[in-house]
Amino acid sequence: MKIGTKLKELRILKGLTQEELADRAELSKGFISQLERDLTSPSIATLIDILQCLGTSIGEFFNETPEEQIVFGKNDFFEKQDPELFNTIKWIIPNAQKNTMEPILLTLEAGGSTYPDNPHEGEEFGYVLQGAVSIHLGNKIYKAKKGDAFYYISEKPHYLTSKTGASVLWVSSPPSF
């Protein structure tokens, strides 16, 4: 670990100049500059003082937990094709079942559908990216076309169908796919 690089990132994140950090830590600007370029190393007491000025602890500073992935590309997606129902489900956020919501990309071929889902606690949201769908919610059917969004509480049996084919961004909370 490059202590200087990490100190610099933290200083910039806090919106401080080298001079402001030096003043707060009662050090020289030149010393801070040398630290950030890894030309010198601070004593533990000095490092603790600097970190205190930056609003963190030595434990947090040296914590090496990997950063959580925020952006996901096509290579991260998990895909399942169902030839029986003529649909493809792409989980566009991997391992989303650990989260409070689960976004998927649902592609229905002409005549395709999703499995009927029994009533359960939760909410579902969809945005039709392409084509048109019928939303079967209890005994009612609602139509949605490209550019339309839908939302419902999952307390009634529900599923989607498409006569012509469709692509839907679908988010359920809690995850149910």
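Residues numbered from 1 in each chain as written. Predicted model: local features only at pLDDT ≥ 70, side-chain atom pairs only at ≥ 80, totals over all residues. Heavy atoms only, no water.

Draft legend 1. Representation of helix α1 (residues 3-13). Here α1 has its buried residues at G4, L7, L10 and R11. Axial view of α1: buried residues confined to an arc of 125°, hence all on one face. Exposed side chains of α1 directed beyond 90 degrees from the buried face belong to E9 and L13. Residues of α1 that are buried in the fold lie against α2 (18-25), α3 (29-36), α4 (44-53) and α5 (58-61). Among the residues trailing α1, G15 stands out with phi positive, at a value near 75°. (Buried < 20%, exposed > 50% of the residue type's maximum accessible area, 1.4 Å probe, protein only. Helix = DSSP H or I, 4+ residues; strand = E, 2+ residues; numbered from the N terminus. Arc of directions from axis to C-beta. Contact = heavy atoms within 4.5 Å.)

Draft legend 2. Spatial organisation of the packing of α1 against α4. Their axes nearest at 10 Å, the elements α1 and α4 cross at an angle of 20°. Compared by their axis directions, α1 and α4 come out roughly parallel. Like other packed secondary-structure pairs, α1 and α4 cross with a definite hand, here left-handed. Of the residues in α4, those in contact with I3, L7 and L10 of α1 are L47, I50 and L51. (Axes fitted to C-alpha atoms, helices over the stretch in contact; angles between N-to-C directions. Parallel < 35°, antiparallel > 145°, perpendicular 65-115°, else oblique. Left-handed = near helix turned anticlockwise from the far one by under 90°.)

Draft legend 3. Structural detail: the pairing of strand β9 (residues 166-173). In terms of burial, β9 is a largely internal element, six of the eight residues being buried. Pairing of strand β3 (residues 102-108) with β9 involves seven bridges; the strand directions are antiparallel. Within β9, the position partnered with I104 by the bridge is W170. Pairing of strand β5 (residues 123-137) with β9, which is carried by eight bridges, proceeds in the antiparallel orientation. Bridge pairing links E123 to S173 in β9. (Pairing = 2+ DSSP bridges.)

Draft legend 4. Just unusual backbone geometry, in detail. Positive phi outside glycine occurs at E26, with the angle close to 55°. Looking at where E26 falls in the secondary structure, it is placed in the loop between α2 and α3. The exposed category is assigned to E26, whose relative accessible area is 74%. Positive phi values are uncommon outside glycine, yet D38 reaches one of about 55°. Position of D38 relative to the elements: it lies in the loop between α3 and α4. A relative accessible area of 33% means that D38 is categorised as partly exposed.

All quantities given are derived from atomic positions and should not be read as evidence of function.
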